[in-house]
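What the coordinates show
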Amino acid sequence: MDYLAHVLVLIAIYVTLAHSLNLLAGYTGLVSLAHASLAGLGAYTSALVVVRLGAPFSLGVLFGMLVGVVASSMMSVPSQRMRGDLFIFVTFAFQIVLSNILNNWSALTRGPLGLSGIPPPTILGLTIHSPASFAALAGCIAVIAHLVTRQIVGSPLGRILRATRGDDIAAEATGKPVRMTKVIVFAVSAAMAACGGGVYAHYITFIDPASFGVMESVFLLAVVVVGGAGSLGGPVVGASLLIVLPEMLRFVGFPANVAGHLREVSYGGLLLAAIMLRPRGLVGKYGFGG
Amino acid sequence: MVGQAILNGLGSGCLVGILAVGFALARRGGLGFHFAHAGVFAVGAMTFQATLECWGLTTPAAACLAIIASAVTGLTLQCLVYEPLLFTRASETSMFVSSLAAYIVIQGVLSLFFGDASRVVGPWRASGSYEFLAVRATPTQVLSVAIGIGLCLVAAVWSKTTKNGKALRATGQDMRLAAVVGIGVRRVRSLAIVAGSVLAALAGILTAGDTGVFPTMGLMPFLSAVVAALIGGGGLPGVFVAAATIGVVQHMSVLWIPTIWQESLVFLVLAVYLIVRRSVSGLSGLGALDA
């Protein structure tokens, strides 16, 4: 039962993260490979604020979201005019640099040793210990992410996002504030990702830079693409599928490092197959233009 | 001290330069952002190490096998991934993501085959070093610089003067028009990827002799190569010089900042470049796909 709750927590966290990437990649057409590092920023900020400053969980996560927004503006403001592959490369560079910083700024982050002893969250006086109650918390946050995405997508801002996705120059020609919109949606996406990272930190109670590396970013992209970009159901389907399948493989009993690399190959292969054969994914509406 | 840093920087910079010229060639041939170039590099390096150490082949034979392995990997990628995507008129984004996914698969397969541990190449590396002007150079560094400059010049001349080289540039600039005037664009793309992969293999062989091989070795040199290709502009010599300069800057930075930040420095260079040249909207620095 605890194991089931654990899987549900992971699914909920990854639904939140996938919604954040889907908002940027699926609705605005800006594929980002930096979302694992943004989640990592949220995780580390929340953990450090709670552990070192004794702040409550909600304040930690909020602070993490703020840091995520600031970090996103460092990427989005210089790249307002960038198209296609250069934008993706810039986000990739950001992911690498941030991973390096988390690994090397040992004074703050304890480098590869990671931060342990992150306390469980306390909401309104209740401390959330058991996996079942954490599943409820993570589930609530995932639902909030879903509702926020739905609200944005259905609003005039959402229409500008989809116009940007289709043809950003044409959108700008009709007078829409495309560049400002890109910065705003990146900020919202980063805040959501940082929130997911913060929840992850307080659930696992230990974080290290390796958990937020390049492979994680690729995994998140695979979740969005396979589930379906540009739709509200895509992140949910993708996260559920890509969390449950490896968990089932766990029972096959491969040795640990083989399992890790096998997972890498399968994420890469799944992403490749999805982009080539069914870019819209399972329930998506946007095929990345191809 | 400074002289040694410059020499070290030239050595590693020229090595990245070979990789960068290969990437630029592939891109000029109309293949989009060939992220899997990093994987081809790793395949070449690890094949070289494996055939040299495990099968006991001679150095030239191992090098040939490594080049063949890289070329085959590149052609397989083209047949299985790039051509089908280009046929469906896939967007730049789709090409990038699929190339990235292909790299992840290549890296994962290499990890499954060879394990994660770093492997070294033993007897191939000629022992000893050359000393001149108060700096010490390893044979690998000398080879990197010599081969790098040589390859860059050959590639530049080939690209500018020969029929195939011109066909390559034409395909990269406007594929449909190239097809209209009778250039076999599919053949040209194959040529581009083989040329790029051969260069990647050579860079891999030199790296194997320098620092050893491991499955994820392709990523960081590749990222430096992309930055070099972006900053270097449209011409191949420019790309090579940019790579060499980045290498020198990285190694000289060690004199002032801790070495752990050395790798990230190339991204600082990228950031400065992007902020200074605010009109950069695409990888037009490579003179290929976007005008």
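Our subject is the structure that appears above.
Residues numbered from 1 in each chain as written. Chains lettered and ligands numbered in written order. Predicted model: local features only at pLDDT ≥ 70, side-chain atom pairs only at ≥ 80, totals over all residues. Heavy atoms only, no water.

Regarding the interface of chain A and chain B
To keep things clear, this is the line we draw: Residue contacts are counted whenever heavy atoms from the two residues lie within 4.5 Å of one another. By buried area we mean how much accessible surface two parts lose on assembly, using a 1.4 Å probe and totalling the loss over both. A side-chain nitrogen of Lys or Arg and a carboxyl oxygen of Asp or Glu constitute a salt bridge if their distance falls within 4 Å. Here a polar contact is taken to be a pair of N or O atoms separated by no more than 3.5 Å, where protein atoms must pair a possible hydrogen donor with a possible acceptor and residues adjacent in sequence count only if both atoms sit in side chains. Ten residues, namely Ala, Val, Leu, Ile, Met, Phe, Trp, Tyr, Cys and Pro, are considered nonpolar, four, namely Asp, Glu, Lys and Arg, are considered charged, and the remaining ones, Gly among them, are considered polar.
Residue-level contacts link 37 residues of chain A with 45 residues of chain B. Between chain A and chain B, a total of about 3,500 Å² is buried, with carbon and sulfur atoms accounting for 77% of that surface. Looking at the side of chain A facing chain B, the largest losses of area belong to A:Asp85, A:Leu86 and A:Phe89, adding up to 19% of the total buried there. Scanning the region where chain A abuts chain B turns up one salt bridge. For the interface between chain A and chain B, the tally reads eight residue pairs in polar contact (both at pLDDT 80 or more). In terms of residue class, the side of chain A that touches chain B is built from 24 nonpolar, nine polar and four charged.

Quick look at the packing of helix α11 (residues 256-277) of chain A against helix α4 (residues 92-114) of chain B
Convention followed: Between N-to-C directions, angles cover 0 to 180 degrees, with each direction set by a line fitted to C-alpha atoms, over the stretch in contact for helices. Under the DSSP-based scheme used, a helix requires at least four consecutive residues in state H or I and a strand at least two consecutive residues in state E, with every element numbered from the N terminus. By the definition adopted for this analysis, an angle is roughly parallel if under 35 degrees, roughly antiparallel if over 145, roughly perpendicular if from 65 to 115, and oblique otherwise. In this scheme the crossing of two helices becomes right-handed for a clockwise turn of the near helix relative to the far one and left-handed for an anticlockwise turn of less than a right angle.
It is at 8 Å that the axes of α11(A) and α4(B) come closest, and there the two elements cross at 155°. In terms of their interaxial angle, α11(A) and α4(B) are classed as roughly antiparallel. Pair α11(A) / α4(B) crosses with left-handed handedness. Along the contact surface, α11(A) presents A:Val258, A:His261, A:Leu262, A:Glu264, A:Val265, A:Gly268, A:Gly269, A:Leu271, A:Leu272 and A:Ile275, while α4(B) presents B:Ser94, B:Val97, B:Ser98, B:Ala101, B:Ala102, B:Ile104, B:Val105, B:Gln107, B:Gly108, B:Val109, B:Ser111 and B:Leu112. A per-class count over the contact of α11(A) with α4(B) returns 13 nonpolar, eight polar and one charged.

As for the side chain of A:Arg165
Tracing the chain through its elements places A:Arg165 in helix α7 (residues 156-173). Setting aside chain neighbours within four positions, we find A:Arg165 in contact with A:Gly26, A:Tyr27, A:Thr28, A:Gly29, A:Gly230 and A:Tyr286.

So, the packing of aromatic side chains
Spelled out, the test is: When the centres of two rings from Phe, Tyr and Trp lie within 6.5 Å, Trp using its six-membered ring, the rings pair. Their planes under 30 degrees apart give stacked, over 60 give edge-to-face, and anything left gives tilted. For each residue, the accessible area found with a 1.4 Å probe, counting protein chains only, is set against the maximum for its type, and the residue is called buried under 20%, exposed over 50%, and partly exposed in between.
One pass over the structure, following the stated rule, counts 18 aromatic pairs over all chains. Their ring planes at 80° and their centres at 6.2 Å tell us that B:Phe33 and B:Phe222 sit as a pair that is edge-to-face. With B:Phe33 in the loop between α1 (2-28) and α2 (37-53) and B:Phe222 in helix α9 (residues 219-232), the pair connects residues that are 189 residues apart, well separated along the chain. What makes B:Phe222 buried here is its relative accessible area of 0%. On the basis of an interplanar angle of 65° and a centroid distance of 6.3 Å, the ring pair of B:Phe113 and B:Phe114 is categorised as edge-to-face. Connected via pairs of aromatic rings, a cluster forms that spans A:Phe89, A:Phe92, B:Phe23, B:Phe33, B:Phe35, B:Phe96, B:Tyr103 and B:Phe222.

Some details on the nonpolar core
Selection rule: The criterion is simple. A nonpolar core is a set of buried Ala, Val, Leu, Ile, Met, Phe, Trp, Tyr and Cys residues joined through side-chain atoms within 4.5 Å.
Core analysis: the biggest nonpolar cluster contains 168 residues, and A:Phe92, A:Ile207, A:Leu271, B:Phe35, B:Phe48 and B:Leu223 have the highest contact counts within it. With 14 residues, the single largest contributor to this core is helix α1 (residues 2-26) of chain A. Not counting the four nearest positions on each side in its chain, A:Leu271 is found in contact with A:Val218, A:Leu221, A:Ala222, A:Val225, B:Val97 and B:Ala101.

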